[in-house]
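# Fold and contact review
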Amino acid sequence: MDSPDKHAISALRSVAHPVRLRILSMLTAQPMSAAEVARELELTHANASYHLRVLHDAGELVVESEEKIRGGTAKRYRYVVGGDPTRPSGPPSVEDEIAWQQATHSEVVRRLAQRVRGPGSSSDIETWVTPETWRTAIDQISAAMTLLHEQARPARTEGTVHVSASSQAFLMGDAS
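Residues numbered from 1 in each chain as written. Predicted model: local features only at pLDDT ≥ 70, side-chain atom pairs only at ≥ 80, totals over all residues. Heavy atoms only, no water.

### As for the pattern of salt bridges
Condition: Here a salt bridge means any side-chain nitrogen of Lys or Arg lying within 4 Å of a carboxyl oxygen belonging to Asp or Glu. The way it works is that DSSP assigns letters per residue, a run of H or I at least four long becomes a helix, a run of E at least two long becomes a strand, and they are numbered from the N terminus. Relative accessibility under 20% of the residue-type maximum defines a buried residue, over 50% an exposed one, and the middle range a partly exposed one, all with a 1.4 Å probe and only protein chains included.
Tallying each qualifying case throughout the model produces 7 salt bridges. In this structure, R78 and E64 form a salt bridge, with 2.4 Å as the shortest nitrogen-oxygen distance. Residue R78 is located in strand β2 (residues 72–79), and its partner E64 is located in strand β1 (residues 61–69); the two are separated by 14 residues in the primary sequence. Accessibility expressed as a relative area gives 39% for E64, which makes it partly exposed. Here R111 and E107 are joined by a salt bridge, their closest N and O atoms 3.1 Å apart. A residue pair is termed a helical-turn pair when its members lie 3 or 4 positions apart in one helix, as R111 and E107 do in helix α5 (residues 94–112) at 4 residues.

### With respect to the nonpolar core
As a reminder, the rule being used: Nonpolar core, defined: a set of buried Ala, Val, Leu, Ile, Met, Phe, Trp, Tyr and Cys residues in which side-chain atoms within 4.5 Å join the residues together. The contact criterion used throughout is that any non-hydrogen atoms of two residues lie within 4.5 Å.
By size, the foremost hydrophobic cluster in this structure holds 19 residues, and its most contacted members are I23, L24, L27, V37, L52, L55 and L61. Those elements that provide at least two residues to this core are α2 (18–29), α3 (34–41), α4 (45–57) and β2. Broken down by element, this core gets its largest block of residues, 6 residues, from α2. Residue contacts for L55: discarding those within four places in its chain leaves S14, V15, R20, I23, L24, E60 and L61.

### Details of a nonpolar patch on the surface
Note the following rule: Each patch is built from salt-bridge-free residues with over 30% relative accessible area, joining like charges within 9 Å and nonpolar side chains (Val, Leu, Ile, Met, Phe, Trp, Tyr) within 5 Å. Under the convention used here, a 1.4 Å probe and the Shrake-Rupley method define accessible areas, while residue burial counts only the protein chains that appear.
Together, L148, V161 and V163 make up a nonpolar patch on the protein surface, roughly 300 Å² of accessible area in all. In this fold, V163 is placed in the segment after α6 (131–151). Relative accessible area serves as the criterion here: at 56%, V163 is assigned to the exposed category.

### So, the pairing of β2
Threshold: A pair of strands is considered paired only if DSSP assigns at least 2 bridges between the two.
In this sheet, β2 lies alongside β1 in antiparallel orientation, the contact comprising 8 bridges. Opposite E67, over in β2, you have A74 as the bridge partner. The turn linking β1 back onto β2 is made up of 2 residues, and R70 within it adopts a positive phi angle of 45°.

### Section: the layout of surface pockets
Which entries qualify depends on this criterion: Detection works on a 1 Å grid of protein atoms alone, calling trapped sets that fit a 1.4 Å probe cavities and calling open sets with protein on both sides within 12 Å along at least five of seven lines pockets, with lining residues defined by an atom within 4 Å of a point. Grid points are joined across faces, edges and corners, and a volume is the space filled by probe spheres set on the points.
A volume near 310 Å³ is recorded for the second largest pocket. Along its surface, the second largest pocket is lined by 18 residues, and S33, A34, H45, A74 and K75 are the ones closest to its centre. Elements represented by at least two residues in the lining of the second largest pocket include exactly α3, α4, β1 and β2. The dominant element in the lining of the second largest pocket, judged by the number of residues it contributes, is β2, at 6 residues.

Rendered as structure tokens:
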């Protein structure tokens, strides 16, 4: 049986791939089948199925429903922010977090090439603040990202705009 730590590492590694990050983003707004993911991302059905299986096996996706299609069964997957709440969890290693950040960076660079002028925000800081200020900042960042996830709509829904938001905030160790 897998230990919680091993499973958490597997989950983090599962998303450390630009295509899988795009899939998670799409499945925040609506459940989709492998065929739908393949069409939207211009992948082969086999490739989409593979990435969905990896994400599902790692507990990042849940099966929303199953449909009978041409003698087979098509699963419709959905992303739950934070992953499947029934999966065991544990702290990932720094190396696995770095791999995830590298994949996220590649995906953000891809998105930047598609950006258009309009309201947005970009910021970076490494500084010292009180614990109270840190807690307030983390709460506000979490609230903003939760809002975007909860309000996500299917791609190209009338009255929506295509946006990108990424967030990393963490405590630093003292440099020697």
